Structures are given as structure tokens and as C-alpha cells.
Amino acid sequence: MDSKSIPELLKRSLQSHMAEADLREDEETQDIIAKLSVLSDKVAAAKAKALEKRAQRLV
């Protein structure tokens, strides 16, 4: 099971609210989504690095 990071969950929630017309898709929401995407990528990279270090310690 692949767990999602908090930034990814926030981004998906925001997109869901926009799809349901609870929020407008404007410049501000697009900026927030873009920033959450960057943060999500950074979290994924840090997680991968930590898992790699853990695997190296076990070998």
C-alpha cells in the first residue's frame, strides 16, 4: 500500500473541491497546487533517500 504525503493529500483535496465547484480555479489556487506539487516531490525524494539509507544499513 502506497501512503500519500500530506502535501499530496492536500493537493488532491483542493483539486476535488475545485471539481465540485466548492472553490474557483483561479491564479491563487493554481499557485497553491503548484507549490504543493513541488513540496510533494521534495517529500518523495527525502522518503526515498531515507529508505535507501535504511536498506544500506541492513546490508
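Placed above this text is the structure.
In this text the structure is predicted, and so the values were computed from the model without any measurement.

Student: So, the packing of helix H1 (residues 6-19) against helix H2 (residues 27-58): which residues are in play, and what are the values?
Tutor: It is at 8 Å that the axes of H1 and H2 come closest, and there the two elements cross at 155°. Between H1 and H2, the angle falls in the class roughly antiparallel. Crossing of H1 against H2: the hand is left-handed. On H2, the residues touching Pro7, Glu8, Leu10, Lys11, Leu14, Gln15 and Met18 of H1 are Thr29, Gln30, Ile32, Ile33, Leu36, Ser37, Leu39, Ser40 and Val43. Per-class residue counts for the contact of H1 with H2 are 9 nonpolar, 5 polar and 2 charged.

Student: Residue-level account of the pattern of salt bridges, with values.
Tutor: Note on pairing: side chains with opposite charge can pair once their charged atoms come close. One pass over the full model with this rule turns up 4 salt bridges. Close ionic contact of Arg12 with Glu8 constitutes a salt bridge, the shortest N to O distance being 3.1 Å. Within this pair, Arg12 and its partner Glu8 are both found in helix H1, separated by 4 residues, close to a single helical turn. Taking relative accessible area as the criterion, Arg12 reaches 45% and is therefore assigned partly exposed.

Calculation rules
Residues numbered from 1 in each chain as written. Predicted model: local features only at pLDDT ≥ 70, side-chain atom pairs only at ≥ 80, totals over all residues. Heavy atoms only, no water. Axes fitted to C-alpha atoms, helices over the stretch in contact; angles between N-to-C directions. Helix = DSSP H or I, 4+ residues; strand = E, 2+ residues; numbered from the N terminus. Parallel < 35°, antiparallel > 145°, perpendicular 65-115°, else oblique. Left-handed = near helix turned anticlockwise from the far one by under 90°. Contact = heavy atoms within 4.5 Å. Nonpolar A, V, L, I, M, F, W, Y, C, P; charged D, E, K, R; others polar. Salt bridge = Lys/Arg side-chain N within 4 Å of Asp/Glu carboxyl O. Buried < 20%, exposed > 50% of the residue type's maximum accessible area, 1.4 Å probe, protein only.

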